[in-house]
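A closer look at the structure
Letter by letter, the chains look like this.
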Amino acid sequence: MRRLRRQPQRRESGDPEVCDAADVDEDCDGLADDADASATGQTTWHPDADGDTYGSSSSSISRCDAPPAHVSDGTDCDDADPLVNPGRAEVCDPDDTDEDCDGLADDADASATGQTAWYLTRTWTPSAATRAAPSWPATNLRGALPMRPTATTAVPM
Ligand SMILES: [Ca+2]
Ligand SMILES: [Ca+2]
Ligand SMILES: [Ca+2]
Ligand SMILES: [Ca+2]
């Protein structure tokens, strides 16, 4: 009767350490995942300082597990303002803020809302007859071009 030779139980010495959810020490060196400098398969994490779930586009770190206050997204163009990120809508604002982080702000961004209707203001130069008896427009009809007296319309006395 032929005896089968027992194969020794051995772990493949070439097993590489890889990032895994269970923090398994694949290469049996006593260190797993982020604790093992030989680990591969890291994710790029971005800090999310304003807590809006969008990470800063200007900073990142490569780790197996997310460091505190870090997310995998890296598209937040202003990580100090939770009202600015790609999930927001572009709105007209006095500071020309790019709320939706597409690189375009206010009038430059076709998706902007909240525009104001602006009307052309004409410079009114009084005629000689008007200078003699000035008569300023008293009212502006809705929808009409307003004609406002300006510095150039001052009538010399
Ligand atoms: Ca591992
Ligand atoms: Ca953020
Ligand atoms: Ca804006
Ligand atoms: Ca924008």
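Scroll up to find the structure.
Values in this document were obtained by computation on a predicted structure and should not be read as measured data.

Moving on: the overall build of the protein chain. On a plain count of helices and strands, the protein chain comes out with 1 helix and 5 strands. What you see in the protein chain, going N to C, is helices and strands ordered as β-β-β-β-α-β. For the protein chain, the proportion of its 157 residues judged to be buried stands at 15%. Within the protein chain, contacts between residues at least 6 apart in sequence are counted, and of these 30% link residues at least 24 apart.

What follows concerns the pairing of strand β1 (residues 43-47). Sheet analysis places β1 next to strand β2 (residues 61-63), joined by 3 bridges and oriented antiparallel. Paired with Thr 44 across the strands is Ser 62, a residue of β2. As paired strands, β1 and strand β3 (residues 70-71) are joined by 2 bridges and run antiparallel to one another. Within β3, the position partnered with His 46 by the bridge is Val 71.

Here we come to unusual backbone geometry. Keep in mind that most residues, glycine aside, have a negative phi and that most peptide bonds are trans. A positive phi is found at Cys 28, a non-glycine position, where the angle reads about 50°. Structurally, Cys 28 is set in the segment before β1.

This part is about the sheet that holds β3. Spatial ordering of the open sheet is given by β2-β1-β3, a layout of 3 strands whose pairing is antiparallel. Where the open sheet ends on each side, the last strands, each with one partner, are β2 and β3.

Criteria and thresholds
- Residues numbered from 1 in each chain as written.
- Chains lettered and ligands numbered in written order.
- Predicted model: local features only at pLDDT ≥ 70, side-chain atom pairs only at ≥ 80, totals over all residues.
- Helix = DSSP H or I, 4+ residues; strand = E, 2+ residues; numbered from the N terminus.
- Buried ≥ 20, exposed ≤ 12 C-beta atoms within 10 Å, placed from the backbone.
- Contact = placed C-beta atoms within 7 Å.
- Pairing = 2+ DSSP bridges.

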